[in-house]
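Examining the three-dimensional arrangement
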Amino acid sequence: MQQSIKLPHARNVFWLTVLTTMVVKLWLASFFPMTGDEAFFHLWSTDLNWGYYDHPPMIGWWLWALSHVGNQPIVVRSLTLLLTTVIAGGIVLLARELLPRDQEPRAWLAGAVYLSMPASWFAVFVTTDTPLIFFMALSVFAYVRAIRAGSGAGIFLAGCFLGLAFLSKYFAVLLGFAFGLHLLFQRERFKYLFLLLAGVLPFASVNIAYNLHNCWNNVMFNLVNRHDDAQLGLGTVLTYLGMMLYLLTPWVLWSLLKGVRAWAAQGALAFALLVPLGLFLLISLEKTVGLHWVLGFLPIAFVLLALCTSGVWMKRFVWFNAVLSIPHVVLFGLLMHADAGIWPKKSFQEDVLFHREMPAILDELTRDMPTGGVLTTVAYSPAALMTYHHGQVVPVFGPGKYHARNDDTFVDWRQMDGKPIRIVAKAKPIDPALYSAYLDDVVVRTAVVKGVPFTIVDGMNFNYTRFRDVVLREAVEKYYQIPSFLPVLDCPFARKYGFEAQCGL
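Read on for a plain summary of the structure. (Residues numbered from 1 in each chain as written. Predicted model: local features only at pLDDT ≥ 70, side-chain atom pairs only at ≥ 80, totals over all residues. Heavy atoms only, no water.)

1. Remarks on helix α2 (residues 36-44)
Definition in use: Whether a residue is buried, partly exposed or exposed follows from its accessible area with a 1.4 Å probe, protein chains only, as a fraction of its type maximum: under 20%, in between, or over 50%, in that order. Helix and strand assignments follow DSSP, with helices taken as H or I runs no shorter than four residues and strands as E runs no shorter than two, numbered in order from the N terminus. When checking whether two residues touch, look at their non-hydrogen atoms; a contact exists if any pair is within 4.5 Å.
In terms of residue burial, α2 counts as a mostly covered element, since 8 of its 9 residues are buried. Considered for burial, the residues of α2 that qualify are Gly 36, Glu 38, Ala 39, Phe 40, Phe 41, His 42, Leu 43 and Trp 44. Elements in contact with the buried residues of α2: α3 (58-67), α4 (73-76), α19 (346-356), α21 (380-390) and α22 (407-410).

2. With respect to a nonpolar patch on the surface
Put simply, the rule reads: A patch consists of residues exposed above 30% relative accessible area that lack any salt bridge, with like charges linked at up to 9 Å and nonpolar side chains (Val, Leu, Ile, Met, Phe, Trp, Tyr) linked at up to 5 Å. Only the protein chains shown count as cover for residues, with accessible areas throughout obtained via the Shrake-Rupley method and a probe of 1.4 Å. In the sections that follow, a salt bridge refers to a side-chain nitrogen of Lys or Arg positioned within 4 Å of a carboxyl oxygen of Asp or Glu.
A cluster of nonpolar side chains, Val 323, Ile 326, Val 330, Leu 334 and Ile 342, forms an exposed patch at the surface whose accessible area comes to about 420 Å². In this structure, Val 323 sits in helix α18 (residues 311-337).

3. Description of the environment of Arg 422
As a reminder of what qualifies: Whenever two N or O atoms come within 3.5 Å, that pair is a polar contact, provided that in protein one can donate a hydrogen and the other can accept it, and provided that, for residues adjacent in sequence, both atoms are side-chain atoms.
Residue position: Arg 422 is located in strand β2 (residues 421-426). What makes Arg 422 buried here is its relative accessible area of 3%. Along the backbone, Arg 422 and Val 457 are 35 residues apart, and their C-alpha atoms lie at a distance of 5.6 Å. In this structure Arg 422 touches Leu 365, Thr 366, Asp 368, Met 369, Val 374, Leu 375, Thr 376, Arg 445, Ile 456, Val 457 and Asp 458, once residues within four positions along its chain are discounted. Within the local environment of Arg 422, its side chain forms a polar contact with the side chain of Asp 458, the two groups lying 2.8 Å apart.

4. Looking at the packing of helix α1 (residues 7-31) against helix α6 (residues 104-116)
Our working definition: Every axis in this analysis is a line fitted to C-alpha atoms, fitted for helices over the stretch in contact. Angles between the N-to-C directions lie between 0 and 180 degrees. Roughly parallel refers to an angle under 35 degrees, roughly antiparallel to one over 145, roughly perpendicular to one between 65 and 115, and oblique to any angle outside these ranges. Take the far helix as your reference; a near helix turned counterclockwise from it by less than a right angle gives a left-handed crossing, and one turned clockwise gives a right-handed crossing. For this scheme, ten residues count as nonpolar: Ala, Val, Leu, Ile, Met, Phe, Trp, Tyr, Cys and Pro. Four count as charged, namely Asp, Glu, Lys and Arg, and the remainder, Gly too, count as polar.
The contact between α1 and α6 brings their axes to 8 Å, and the two run at 15°. Considered as vectors, α1 and α6 are oriented roughly parallel to each other. The hand of the α1/α6 crossing is left-handed. When α1 is examined against α6, the residues Leu 7, Ala 10, Arg 11, Val 13, Phe 14, Trp 15, Thr 17, Val 18, Thr 21 and Lys 25 are found in contact with a partner set consisting of Glu 104, Pro 105, Trp 108, Leu 109, Gly 111, Ala 112, Leu 115 and Ser 116. Partitioned by chemical class, the residues of the contact of α1 with α6 number 11 nonpolar, 4 polar and 3 charged.

5. Some remarks on the environment of Leu 132
Looking at where Leu 132 falls in the secondary structure, it is placed in helix α8 (residues 129-149). Ignoring sequence-local partners within four residues, the contact set of Leu 132 consists of Ala 165, Ser 168, Lys 169, Phe 171 and Ala 172.

6. A look at the sheet that holds strand β3 (residues 440-449)
Definition in use: When DSSP finds at least two bridges between two strands, those strands are taken to pair.
One open sheet accounts for 4 strands, arranged β1-β2-β4-β3; its pairing is mixed. Edge strands, defined here as strands with exactly one partner in the open sheet, are β1 (374-377) and β3. Along the sheet, successive strands turn relative to each other by an average axial angle of 25°, direction set aside. The sheet contact formed by β2 and strand β4 (residues 452-460) spans 6 bridges and is antiparallel. Within β4, the position partnered with Val 424 by the bridge is Ile 456. Of the strands in this sheet, β2 and β4 touch α19, which is tilted by about 65° from β4. Docked against the sheet, α21 engages β1, β2 and β4, running at close to 145° with respect to β1.

In structure tokens form, the structure reads like this:
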């Protein structure tokens, strides 16, 4: 394929894209209000552990390390805002190895196309996907180079990175499955499979040990408790296909399909991309596939893009992505800096103010609390956000949902016995009868705080025993029905509240 973009120009396009997107990412990381999920994961960093209720521990470890620098949003997000820039560099390095020397400009432009797509530059918010994407990228990089060089040590290294990705999120299993299928077609299949597993197992064993001693929390959350809503439907499949069209962008997808003959021979990369995306398509038959689920596999597509697309077209793709980014930049700017009244929906205005004004809102909500009173709320996301700004854990009062079970680790309701409790809920009517069984002298009032309507419930003399026998028992029956074939070596939640028998301990 004829190349008309010179190497210095391609490098300039790449570095200009790096500079432009870094400025935008710094702006977002500095001014966008802390989200509930980010606050939720930040709480993990306050209690360094081998695992957490929802997921393996890696993001908690990362944020714990960053907490020694500070807990401001820009610090919390610092590694995330560097993520796609580093991966773009990896795309350039790997594509340079796969392309003829005279086609090197295409490698630099592929990195620029990846970095300029909206899903790359606005990915500055902290999630469990942050370390997952990083270690998956390292694993793919090491694996492709190892296959090309016939290096057993490289396969082992790819396994180590895959194990670290598994300690970030369970979706790493899909990449491992892709590697395994690909290795079945290799001459040294058994040796390589052994080396890959040898790299993975030390890290996977950390997660297994944590689950054995913690009620199988990760397994129950990810594979059992959160899938009650699964049902067959065409709508979720169309949503998945539309999401992939948006993430990859129509022009990149068109170019990949058009040039499939040029990259299909790259078996390691093709397997690493197509096997997981195919499995997500199957999952979408029953469940909505989240946008963030697939982000770790997208960089592979841009290495393949370099193999099948001319530099002229990829330079155009960068400009296409820039145009596509304009409405995204405007939207984020409005969310961060515009008056909340510009949004037509009242509930959305309130949600914007809730995130922007949380420190001032907490000052008002806690101003007249009785001595020794405990601030609580009714949902996990507001609870996490309040915890981040309040500096102490704000529990979820009541049964909550499977997400709210993080409290089973960080909260001890026994310590609140006899204390005054304040329950706050954003724009939600509350029946006093719901709480009169657990609190005396229940008073319900409404208040508008910084433009956000709240229902506030105050009660005295919290009755822990009744709360345990009703609310916590309900949580056990809904979320701690551990399959009998899973051995339970310990369950701190069960021991804390006396549910050893019900949790199979």
